[in-house]
Amino acid sequence: DLAAAVEKLISINRDAEQGFSAAADAVPDGPLKKMFVELSGQRAGFASEIQEAVRKVGFEPVNPLGAAGTLHGFWISLKGAVMANKAHGVLEETERGEDQSVKAYREALPLILQPELRSVVERQFAAIEESHARIRTMRDETAPPPPAPVAQTPARPVREPLGPGQPPPDRS
């Protein structure tokens, strides 16, 4: 129903806000940190924008805090602190969070029929798909190289078992 779909979008944006904030804390200063800070602010704005849009169509949303975002954010910080390739590990986790955002928007869109609200959600969804693709590309670019192949010793020939009455092979 519309109420559940809208509240899910608000919650997923609060989760993303918290997750991106934790991701920013888990990486050193630089372009990646800047992107995470910007995305955290964007998602806070998205949640507020949805709340305002649903009020205009006569619905009063609750303000879910998104407990999953707090837990997911903690996991990002923890994983980021212990990963050898810190940026890649954090990007993996934020990409996973973006998967959840994309899924929530895809599920909500068919339920939102009010044109004013639908246009807000469609615009936000396009921005989320764009950030999802950017994070996925960055994740792939920062992936550690695959491990070098391990040298293997040649296999010894397998001896066929002797059948009853067969003499052993000549080993001279």
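The shown structure was predicted, so the numbers you read here are calculated from the model rather than taken from an experiment.

### What about the overall build of the protein?
Move 1: Helix and strand content of the protein: five helices and zero strands.
Move 2: Ordered by position in the sequence, the α and β elements of the protein form the string α-α-α-α-α.
Move 3: Counting the 172 residues in the protein, one finds 37% classified as buried.
Move 4: Counted over contacts in the protein with a minimum sequence separation of 6, partners at least 24 positions apart contribute 76%.
Move 5: Counting only carbon and sulfur atoms, one obtains 59% of the accessible surface of the protein, whose full area is about 10500 Å².

### Comments concerning the nonpolar core
Move 1: V6, L9, I50, Y105, I112, L117 and V121 are the most contacted members of the largest nonpolar core, which totals 21 residues.
Move 2: Broken down by secondary-structure element, the contributors of at least two residues to this core are α1 (2-26), α2 (31-56), α4 (86-108) and α5 (115-141).
Move 3: Judged by nonpolar contacts, the second largest core, of 13 residues, contains A26, M35, F36 and V90.

### Looking at the packing of α1 against α2
Move 1: Taken N-terminus to C-terminus, the directions of α1 and α2 make an angle of 160 degrees; their axes are 8 Å apart at the nearest point. In this view, α1 runs roughly antiparallel relative to α2, as classed from their interaxial angle. Read as a crossing pair, α1 and α2 show a hand that is left-handed.
Move 2: Split by residue class, the contact of α1 with α2 holds 15 nonpolar, five polar and five charged.

### Quick look at the confidence of the model for the protein
Move 1: Per-residue pLDDT for the protein has a mean of 82; in total, 76% of the residues score no lower than 70.
Move 2: Ranking the elements of the protein by mean pLDDT puts helix α3 (residues 67-82) last, at 52, and α5 first, at 96.

### Quick look at the pattern of salt bridges
Move 1: Scanning all chains against the criterion turns up twelve salt bridges.
Move 2: Several salt bridges converge on common partners, so that one network encompasses E95, R136, R139 and D140.

### Describing α2
Because an α-helix packs 3.6 residues into every turn, residues spaced three or four apart end up facing the same way.
Move 1: Between its first and last C-alpha atoms α2 spans 37 Å; for 26 residues at 1.5 Å apiece the expected length is 38 Å, and the two agree.
Move 2: Directly after α2, the chain includes G58, whose backbone phi takes a positive value near 90 degrees.

### Side note on the environment of R55
Move 1: In this fold, R55 is placed in helix α2.
Move 2: For the pair formed by R55 and L117, sequence separation is 62 residues and the distance between their alpha carbons is 9.7 Å.
Move 3: Apart from the residues lying within four places of it in its own chain, the contact partners of R55 are E60 and P61.

Cut-offs used in this document
Residues numbered from 1 in each chain as written. Predicted model: local features only at pLDDT ≥ 70, side-chain atom pairs only at ≥ 80, totals over all residues. Heavy atoms only, no water. Helix = DSSP H or I, 4+ residues; strand = E, 2+ residues; numbered from the N terminus. Buried < 20%, exposed > 50% of the residue type's maximum accessible area, 1.4 Å probe, protein only. Contact = heavy atoms within 4.5 Å. Areas by Shrake-Rupley, 256 points an atom, 1.4 Å probe, with all protein chains shown as cover. Core = buried A, V, L, I, M, F, W, Y, C linked by side-chain atoms within 4.5 Å. Axes fitted to C-alpha atoms, helices over the stretch in contact; angles between N-to-C directions. Parallel < 35°, antiparallel > 145°, perpendicular 65-115°, else oblique. Left-handed = near helix turned anticlockwise from the far one by under 90°. Nonpolar A, V, L, I, M, F, W, Y, C, P; charged D, E, K, R; others polar. pLDDT = per-residue confidence, 0-100. Salt bridge = Lys/Arg side-chain N within 4 Å of Asp/Glu carboxyl O. Expected span 1.5 Å × (residues − 1).

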